[in-house]
Amino acid sequence: MSEEFTEDIEKLRTLAPVATAPIRHHVFVCSGKSCSAVGSAEVRDAFESELKARGVLFGKEAKGKNPKGSIVVTECASVGFCAIGAAVMVYPDGVWYAQVRAADVPEIIESHLLNGRIVERLALLKVPAEGLAEPSPTGGDWEA
């Protein structure tokens, strides 16, 4: 049986520690059929191992993660452009990366996640907070 709805914020924070973590970025790695065929599992694993090694991957200490980590990695079914995967989205920056391989992950972490510089050669699209799509400066002719 599921727990009843609660408005007790302290109880919610206890149940979901991520709510009080100093999260700066949320990385979504597509695990859809097309992305899986081009190594998205390896991309996800690379994000997790690199971020763990740097001590910034949020999660349970018993799993080698940092309860005060600033980056969350989530596997998701699709981000909408699997034909040019592996696809990765980084929020809150609204950056969608395409054709990401495990070998690209250290560059994305170092440049983008830790130093705020988008990896332009992989950036497909940037969606700013105001919701207006900004095409990649590389000018790629991409189709979803």
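Let us look at the structure shown here. Owing to the predicted nature of the structure, the values given are computational and were not obtained by experimental measurement. (Residues numbered from 1 in each chain as written. Predicted model: local features only at pLDDT ≥ 70, side-chain atom pairs only at ≥ 80, totals over all residues. Heavy atoms only, no water.)

Considering the pattern of salt bridges
Consideration 1: Across all of its chains, the model carries five salt bridges by this definition.
Consideration 2: Put simply, Glu75 and Arg44 hold a salt bridge, and the shortest N to O gap is 2.4 Å. Here Arg44 lies in helix H3 (residues 40–54) and Glu75 lies in strand E2 (residues 71–76), a separation of 31 residues in the sequence.
Consideration 3: Note that Glu110 and Arg54 form a salt bridge whose closest N and O atoms lie 2.9 Å from each other. Residue Glu110 is found in helix H4 (residues 105–113), and its partner Arg54 is found in helix H3; the two are separated by 56 residues along the sequence.
Consideration 4: Using a relative accessible area of 34% as the deciding quantity, one classes Glu110 as partly exposed.
Consideration 5: The class of Arg54 is partly exposed, set by a relative accessible area of 36%.
Consideration 6: What you see here is one network of salt bridges that share partners, running through Arg44, Asp45 and Glu75. (Salt bridge = Lys/Arg side-chain N within 4 Å of Asp/Glu carboxyl O. Helix = DSSP H or I, 4+ residues; strand = E, 2+ residues; numbered from the N terminus. Buried < 20%, exposed > 50% of the residue type's maximum accessible area, 1.4 Å probe, protein only.)

Considering the packing of aromatic side chains
Consideration 1: Going through the model one piece at a time under the given rule, you end up with one aromatic pair.
Consideration 2: Measuring from centroid to centroid gives 6.3 Å for Phe28 and Tyr91, while their planes differ by 80 degrees, and the two rings are edge-to-face. You can see Phe28 sitting in strand E1 (residues 25–30) and its partner Tyr91 sitting in strand E3 (residues 88–91), a full 63 residues away along the chain. (Phe/Tyr/Trp six-rings, centres within 6.5 Å; stacked < 30°, edge-to-face > 60°.)

A look at a nonpolar patch on the surface
Consideration 1: On the surface, a cluster of nonpolar side chains totalling about 270 Å² of accessible area is made up of Ile9, Leu12 and Leu15.
Consideration 2: In this fold, Leu12 is placed in helix H1 (residues 9–15). (Patch = residues over 30% accessible without salt bridge, like charges linked within 9 Å, V, L, I, M, F, W, Y side chains within 5 Å. Areas by Shrake-Rupley, 256 points an atom, 1.4 Å probe, with all protein chains shown as cover.)

Description of the environment of Val105
Consideration 1: Structurally, Val105 is set in helix H4.
Consideration 2: A residue is classified by how much of its surface remains accessible, and Val105, at 0% relative accessible area, is buried.
Consideration 3: A sequence separation of 62 residues divides Val105 from Val43, and the C-alpha atoms of the two residues are 6.9 Å apart.
Consideration 4: In this structure Val105 touches Val43, Ala46, Phe47 and Glu50, once residues within four positions along its chain are discounted. (Contact = heavy atoms within 4.5 Å.)

Regarding the nonpolar core
Consideration 1: By size, the foremost hydrophobic cluster in this structure holds 23 residues, and its most contacted members are Val27, Val43, Phe47, Leu51, Val88, Tyr97 and Leu113.
Consideration 2: Of all elements in the fold, only E1, H3, E2, E3, strand E4 (95–97) and H4 reach the threshold of two or more residues within this core.
Consideration 3: Sequence-distant contacts of Val43, that is, excluding residues within four places in its chain, are made with Val29, Ala86, Val88, Val100, Arg101, Ala102 and Val105.
Consideration 4: Of all hydrophobic cores here, the second largest spans twelve residues; its members include Cys76, Cys82, Met89 and Ala98. (Core = buried A, V, L, I, M, F, W, Y, C linked by side-chain atoms within 4.5 Å.)

Observations regarding unusual backbone geometry
Most peptide bonds take the trans form, and the phi angle of most residues other than glycine is negative.
Consideration 1: Following Gly85, the chain continues to Ala86 via a peptide bond in cis, the omega torsion being 10 degrees.
Consideration 2: Relative to the helices and strands, Ala86 is located in the loop between E2 and E3.
Consideration 3: The omega torsion of the bond from Tyr91 to Pro92 falls at 15 degrees, within 30 degrees of zero and hence cis.
Consideration 4: When you line up the elements, Pro92 lands in the loop between E3 and E4.
Consideration 5: Here the phi dihedral of Gln99 falls at roughly 55 degrees; this positive angle occurs in a residue that is not glycine.
Consideration 6: Of note, Gln99 is situated in the loop between E4 and H4.

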